[in-house]
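# Structural features, examined
One letter stands for each residue in the lines below.
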Amino acid sequence: MSDTSPTTPYRPATVAVTSGRPPHEADRPLNEPLTMASTYVAGGDLEYGRYGNPTWSAFEQALGDLEGGRCLAFASGLAAVATILDLVGHGGTVVAPRHAYTGSVMQLADLEARGRITAVLVDVTDTDAVIKACDDAALVWLESPTNPALEVADIAPIVAAAHEAGAYVVVDNTFATPLLQQPLELGADIVVHSATKFIAGHSDVLLGALATRDDQLYGVLRQRRELTGATPGTFEAWLALRGLRTLHVRLERAQGNAQELVRRLGEHPAVSEVRYPGFGAIVSIVLDQGALAADLLTHKTTLWVHATSLGGVESTFERRRRWKAEAATIPDGLVRLSVGIEDVDDLWDDLAAALDDLVLPQA
Ligand SMILES: Cc1ncc(COP(=O)(O)O)c(C=O)c1O
């Protein structure tokens, strides 16, 4: 294990603003410049563009400091997911949430179909069941809150059981971000992100990242990134770091909006269920009238944008079961809302008007 003492004495908001910057020296830029390089003059640490890049390193320093570990950036969230799943030896068992992000579940299904692993899908809210499943596991994959069911796992006891069984624990922290949940602090071995979402925060970047406190794991994962070429784009890393600088401000505002919308949505007659874990900016609602009503809703608004993905400054929503890969246990009429940083009353007016149209007049 590495020395896990923080590289910065600051609190998270200050870390988000300050970490990964060049030293304060005359004429140095305040921000790490965009270094576009496929190769470097030989004889140093970098040598070739697939092995490292100062712009990636700046982003990795900042996100790593926020997560409390050493970070590696990847071409996308799924590139990071694939690199981690590749750690599992032939025939190993992976315990994972039945409602995890479809891309992660599809990777597990693909590996299983090719005889590489056995996937055991669990309800992450049932801690006893997850702990029981840990017995035979090589890797326990958690996503908390889950996408789009918004189920929350009790990470610490699951980590204890997994470690007892000799399994690694990975937590997809995309929805919570390191500002709301720090899985490494709870004992997880690896935390993974779709940095495409809240970290970058402006719906203009595809990027993934992982962080770990374990030096050996870090070395193996870094080598896997080099071997497979799942490396991030330099401009993407630069943009994501720029986005990360305001993560705390964006998240505070979006979370405040989400909490207010949850209160109002709970009283709307077209909404039969509001799912919200109590924190974060993702809310799922279930419409009584099912898929048709949900599809109508997503085409009736002017401010809310019908779009997949989430975590941007703008509010977006979609009916998740419109994707064939989404779990059949997700209600047909579930709409996942990614609440942005607009004025909450404008968000509500637009959404409420569209929901009002779905309510059948009383006979
Ligand atoms: C929770 C979660 N993890 C991973 C991913 C995959 O990330 P990316 O789209 O950056 O590959 C997503 C994408 O939606 C996600 O929501």
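Residues numbered from 1 in each chain as written. Predicted model: local features only at pLDDT ≥ 70, side-chain atom pairs only at ≥ 80, totals over all residues. Heavy atoms only, no water.

## What to know about a nonpolar patch on the surface
A contiguous nonpolar patch, built from Leu34, Met36 and Phe235 and spanning about 300 Å² of accessible area, is present on the exposed surface. Mapped onto the secondary structure, leucine 34 falls in the loop between helix 1 (12-18) and helix 2 (54-67). Classification of leucine 34 as partly exposed rests on a relative accessible area of 35%. (Patch = residues over 30% accessible without salt bridge, like charges linked within 9 Å, V, L, I, M, F, W, Y side chains within 5 Å. Areas by Shrake-Rupley, 256 points an atom, 1.4 Å probe, with all protein chains shown as cover. Salt bridge = Lys/Arg side-chain N within 4 Å of Asp/Glu carboxyl O. Helix = DSSP H or I, 4+ residues; strand = E, 2+ residues; numbered from the N terminus. Buried < 20%, exposed > 50% of the residue type's maximum accessible area, 1.4 Å probe, protein only.)

## Focus on the pattern of salt bridges
Side chains bearing opposite charge may pair, as long as their charged atoms lie close to each other. This structure, assessed with the given rule, holds 20 salt bridges. Among the ionic pairs, glutamate 273 bridges to arginine 275, the shortest N-O distance being 2.9 Å. Relative accessible area serves as the criterion here: at 33%, glutamate 273 is assigned to the partly exposed category.

## A word on the site of the ligand
The immediate surroundings of the ligand are formed by Ser76, Gly77, Leu78, Tyr101, Glu143, Asn147, Asp172, Thr174, Ser194, Thr196, Lys197 and Leu207. A distance of 2.9 Å is found between an oxygen atom of the ligand and a side-chain nitrogen or oxygen belonging to serine 194. Between the ligand and the protein, one listed contact pairs an oxygen atom with a side-chain N or O atom of lysine 197 at 2.7 Å. Here the ligand, which alone exposes 390 Å², has 92% of that area covered by the protein. Split by residue class, the shell around the ligand holds three nonpolar, six polar and three charged. (Near = heavy atom within 4 Å. Polar contact = N/O pair within 3.5 Å; in protein donor to acceptor, adjacent residues only side chain to side chain. Nonpolar A, V, L, I, M, F, W, Y, C, P; charged D, E, K, R; others polar.)

## Observations concerning the sheet that holds strand 11 (residues 316-319)
Ordered in space as 8-9-12-11-10, the five strands form an open sheet in which the pairing is mixed. Looking at which strands have only one partner, the edges of the open sheet turn out to be strand 8 (271-275) and strand 10 (305-306). Against the sheet, helix 10 (residues 247-265) touches strand 8, strand 9 (282-287) and strand 12 (334-338), its axis set at about 15° to strand 9. (Pairing = 2+ DSSP bridges. Contact = heavy atoms within 4.5 Å. Axes fitted to C-alpha atoms, helices over the stretch in contact; angles between N-to-C directions.)

## Some points on the environment of proline 145
Turning to its location among the elements, proline 145 is positioned in the loop between strand 4 (139-143) and helix 6 (155-164). Each C-alpha atom, one on proline 145 and one on serine 315, is 19 Å from the other, the two residues being 170 residues apart in sequence. Apart from the residues within four sequence positions on either side, proline 145 is in contact with Leu150, Glu151, Val152, Phe175, Ala176, Pro277 and Phe279.

## Describing the nonpolar core
Grouped together as the largest cluster of nonpolar side chains are 33 residues, with contacts concentrated most on Phe59, Phe198, Ile199 and Leu244. When contributions to this core are tallied by element, the ones reaching two or more residues are helix 1, helix 2, strand 1 (70-74), strand 7 (208-212), helix 9 (234-244) and helix 10. Considering every element that reaches this core, the biggest residue donor is helix 2, with six residues. Excluding residues that lie within four positions of it along the chain, phenylalanine 198 makes contacts with Thr174, Phe175, Thr177, Leu247, Arg250, Leu251, Ala281, Ile282, Leu310 and Gly311. One finds Ala293, Leu297, Val344 and Leu351 within the second-largest nonpolar core, a separate group that totals 26 residues. (Core = buried A, V, L, I, M, F, W, Y, C linked by side-chain atoms within 4.5 Å.)

## Brief notes about the packing of aromatic side chains
The final tally for this structure, using the stated rule, is three aromatic pairs. Plain terms: the ring middles of phenylalanine 235 and tryptophan 238 are 6.1 Å apart, the flat faces sit at 20° to each other, and that makes the pair stacked. Of the two residues, phenylalanine 235 and tryptophan 238 are both situated in helix 9; the distance of three residues between them amounts to about one turn of the helix. Phenylalanine 235 gets classed as partly exposed once you look at its relative accessible area, which sits at 40%. For the pair tryptophan 304 and phenylalanine 317, a centre-to-centre distance of 5.6 Å together with 40° between the ring planes defines the contact as tilted. One end of the pair, tryptophan 304, is in the loop between helix 11 (290-300) and strand 10; the other, phenylalanine 317, is in strand 11, and 13 residues separate them in sequence. Phenylalanine 317 matches tryptophan 304 in its accessibility class, with the two residues each being buried. Arginine 70 extends its terminal NZ or CZ atom over the ring of tyrosine 218, reaching a point 3.8 Å from the ring centre. Geometry around phenylalanine 74 places arginine 225 over its ring, the cationic atom sitting 5.9 Å from the centre. (Phe/Tyr/Trp six-rings, centres within 6.5 Å; stacked < 30°, edge-to-face > 60°. Lys NZ or Arg CZ within 6 Å of the ring centre and 35° of its normal.)

## Let's talk about the packing of helix 3 (residues 77-85) against helix 4 (residues 102-113)
One way to put it is that helix 3 packs onto helix 4 with a least axis distance of 10 Å and a crossing angle of 35°. The handedness of the crossing between helix 3 and helix 4 comes out as right-handed. Here helix 3 contributes Leu78, Val81, Ala82 and Leu85 to the contact with helix 4, which in turn contributes Gly103, Ser104, Gln107, Leu108 and Leu111. (Left-handed = near helix turned anticlockwise from the far one by under 90°.)

## Focus: unusual backbone geometry
Serine 144 connects to proline 145 through a cis peptide bond whose omega is -5°. A positive phi angle, near 65°, is found at glutamate 47, a position not held by glycine. Mapped onto the elements of the fold, glutamate 47 is located in the loop between helix 1 and helix 2. Classification of glutamate 47 by relative accessible area gives partly exposed; the value is 32%.

## Here we look at helix 5 (residues 127-134)
Within helix 5, burial applies to Thr127, Val130, Ala133 and Cys134. Projected down its long axis, helix 5 carries its buried residues within an arc of 125°, all on one side. Exposed side of helix 5, more than 90 degrees from the buried face: Asp128 and Lys132 are the residues found there. (Arc of directions from axis to C-beta.)

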